[in-house]
Amino acid sequence: METRNLICIGCPLGCPLTVNIEGEDIKVTGNTCPRGADYAKKEVLSPTRIVTSSIRVDGGDIAMVSVKTKSDIPKSKIFDIMKEIRAARVDAPVAMGQVLIENCADTGVDIIATKNVARA
Amino acid sequence: MTHHDIVIIGGGPAGLAAAAAARKAGVQDILILERDRVLGGILNQCIHNGFGLHTFKEELTGPEYAGRYIDMVEAEKIPYKLNTIVADISPAREVTYINREEGLVTIQAGAVILAMGCRERPRGALNTPGYRPAGIYSAGTAQRLMNIEGYQVGKEVVILGSGDIGLIMARRMTLAGAKVKVVAELMPYSGGLKRNIVQCLDDYGIPLKLSHTVTQIHGKERLTGITIAEVGPDRNPVPGTEEYYSCDTLLLSVGLIPENELSKGAGVSMNRVTSGPNVDDRLETEVEGIYACGNVLHVHDLVDFVSQEATLAGQNAAAYVLRGREADKGRQVPLLAENGVRYTVPQTLNVDTMEDAVTVRFRVADVYKDRYIAIYYNDKLISRKKKKVLAPGEMEQVILKKSSFADYPDISRIKICTEVE
Ligand SMILES: Cc1cc2nc3c(=O)[nH]c(=O)nc-3n(C[C@H](O)[C@H](O)[C@H](O)COP(=O)(O)OP(=O)(O)OC[C@H]3O[C@@H](n4cnc5c(N)ncnc54)[C@H](O)[C@@H]3O)c2cc1C
Ligand code: SF4
């Protein structure tokens, strides 16, 4: 049996988790809420992250619009995703929730805006 | 002089939640004064996720979380003024503000809610010899430059201080293509949240050097490198442990302090530990009708707690303007923070007129393992709860029930402390 100690990143409480792995059977303790157990299972099987960044806006009242991956993506894809985000430019106005890059880096996940940017 | 029932200073998450709560409690005439060009406060530049899980059961980014509260304020049509700096608050609750359209204006407030947030400790806090070349920023300034104004801040980076902003910026700069070489922390523990160490440093293999500080800054016009060294228990550098890192950027994440110049002017008594006002369980300062919430009261790491606290301040300010002060507030009992507990908020409890349950928030002084958090009424132990880990970077809380005071007619103090066994 393998035991791993993780810190849950589900929310800023950062609960210390203990994961017992016996083949297919994964037991999680130390979590305050069910998200902690889900996180620990995912982290040992296939770790994922939400990526947040910002994209340059042309003609906006501010220069950058903040963005995120609409759902979590494999950890190994973070830098491929960032490459597309850094190369992207969008025109103002931008609305919160608007899709700015579809299927980013072939992950099947879209990049969406997390704030409104009005025209300058 | 124009009169408004409630005037809120600051339109960050604290000010917005206080406004929404005061309106819900029945106050029509509310005014929010915000010096920035938009509402939302510091959250506008905190573009990472991890906000609001407890409030909305959803993990939001800073701007999205702020957006929820801005929507509430807009839906309720609560008036606000942007680009408006509050310059003075008098003990009689006269609020003086300045903006381009109206110039200098003084208004009378029925109640004032202080929600000005906090600012970063100035870089003067860095007592290192050498020049001050370009390339040294506070972490929050770098965050604003990158996330809102769109500047590439640097290519080779060293970060001093492991507070949350420093950790978040280590990841942010790595994702933007920079090389973050090391995060150096003076203390033997990080001041940031554990989750940020995991997902901002460990994920990217960025080393965290605890008990280290910057001893030398190299470069005249532009930063070319820095030297860091280990510090001993006296926090002085240990000779022979110096290491040189070449870099063009040094970020300082050396802590936040509540923004309280205005509060002092209003005659509010200040707490030496929190650098925020002293308040009772209603979040009222020692000046009648002036309330405080959010980072101006004490520095928070979780915006969810800011919103909760601000809701309470909004409700209490509303009760005050709608019903006035009761003839007798009843017994006021001080809360004492002792033995490893650095402070409590609130600092006093109105045991006769308090809500059924009051949340007391506090921070500990050091990293402790397997310690108890104990509560005493006078000298009598009331409760003891074991905690696996306590750290200064994580705010703790206990809940005090009104019913628990029924048996203590002569209560004169409440003590919250840590205990080893
Ligand atoms: C870098 C960073 C990362 C964080 N990460 C997280 C996280 O991952 N998860 C989480 O839950 N929390 C996080 N937090 C904590 C949370 O964001 C803050 O605790 C919260 O934003 C504080 O809200 P506030 O309204 O008290 O202050 P602020 O957001 O600072 O708002 C104060 C407002 O008052 C205005 N103001 C100040 N003085 C005046 C004046 N004289 N006149 C008019 N207006 C004035 C300011 O312009 C500002 O808009 C983070 C905080 C920081 C700084
Ligand atoms: S287990 Fe739940 S409460 Fe604990 S850190 Fe994870 S998400 Fe937050």
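What counts and what doesn't
Residues numbered from 1 in each chain as written. Chains lettered and ligands numbered in written order. Predicted model: local features only at pLDDT ≥ 70, side-chain atom pairs only at ≥ 80, totals over all residues. Heavy atoms only, no water. Helix = DSSP H or I, 4+ residues; strand = E, 2+ residues; numbered from the N terminus. Rg over C-alpha atoms; globule rule 2.2 N^0.38 Å. Buried < 20%, exposed > 50% of the residue type's maximum accessible area, 1.4 Å probe, protein only. Areas by Shrake-Rupley, 256 points an atom, 1.4 Å probe, with all protein chains shown as cover. Near = heavy atom within 4 Å. Polar contact = N/O pair within 3.5 Å; in protein donor to acceptor, adjacent residues only side chain to side chain. Contact = heavy atoms within 4.5 Å. Phe/Tyr/Trp six-rings, centres within 6.5 Å; stacked < 30°, edge-to-face > 60°.

Quick look at the overall build of chain A
Moving on, step 1. In terms of regular secondary structure, chain A is built from two helices and 10 strands.
Moving on, step 2. Relative to a compact globule of 120 residues, whose C-alpha radius of gyration would be 14 Å, chain A shows 18 Å and is clearly more extended.
Moving on, step 3. By principal-axis analysis of the C-alpha atoms, chain A measures approximately 60 × 30 × 15 Å.
Moving on, step 4. Counting every position in chain A, which comprises 120 residues, the buried fraction comes to 46%.
Moving on, step 5. As presented, chain A carries roughly 6,100 Å² of accessible surface, and 49% of it is formed by carbon and sulfur atoms.

Re the site of ligand 1
Moving on, step 1. Taken together, 32 residues lie near ligand 1, and Ala14(B), Glu34(B), Asn295(B), Asp301(B) and Val303(B) sit nearest.
Moving on, step 2. Looking at the residues close to ligand 1, they fall on chains A and B.
Moving on, step 3. Take Arg35(B): an N or O atom from its main chain is 3.2 Å from a nitrogen atom of ligand 1.
Moving on, step 4. Between ligand 1 and the protein, one listed contact pairs a nitrogen atom with a backbone N or O atom of Gly50(B) at 3.2 Å.
Moving on, step 5. Alone, ligand 1 offers 1,000 Å² of accessible surface; in the complex the protein occludes 95% of this.
Moving on, step 6. Taken together, the elements giving at least two residues each to the shell around ligand 1 come down to helix H1 (13-24), strand E3 (49-51), strand E6 (85-89) and helix H8 (303-323) of chain B.
Moving on, step 7. Tallying contributions element by element places H8(B) first for the shell around ligand 1, with three residues.

Structural notes on the environment of Ser53(A)
Moving on, step 1. Here Ser53(A) lies in strand E5 (residues 52-58).
Moving on, step 2. Accessibility expressed as a relative area gives 2% for Ser53(A), which makes it buried.
Moving on, step 3. Between the C-alpha atoms of Ser53(A) and Leu17(A), which are 36 residues apart in sequence, the distance is 28 Å.
Moving on, step 4. Ignoring sequence-local partners within four residues, the contact set of Ser53(A) consists of Val65(A), Ser66(A), Val67(A), Met82(A), Ile85(A), Ile47(B) and Arg172(B).
Moving on, step 5. A distance of 3.3 Å separates polar atoms of two side chains, one belonging to Ser53(A) and the other to Arg172(B).

Observations regarding the packing of aromatic side chains
Residues and elements named next belong to chain B.
Moving on, step 1. Applying the stated rule across the entire model yields seven aromatic pairs over all chains.
Moving on, step 2. Each ring, one from Tyr377 and one from Phe405, has its centre 4.6 Å from the other, and the planes form 20°; the classification is stacked. In this pair, Tyr377 is assigned in strand E24 (residues 368-377) and Phe405 in the loop between strand E26 (396-401) and strand E27 (414-419), connecting sequence segments 28 residues apart. For the residue pair Tyr377 and Phe405, the accessibility class agrees, reading buried in each case.

Digging into the side chain of Thr285(B)
Moving on, step 1. Within the secondary structure, Thr285(B) is located in the loop between helix H7 (261-265) and strand E19 (290-292).
Moving on, step 2. Once you skip the residues sitting within four places of it in the chain, Thr285(B) turns out to touch Leu114(B), Val268(B), Pro277(B), Asn278(B), Val279(B), Ile290(B), Tyr291(B) and Ala292(B).

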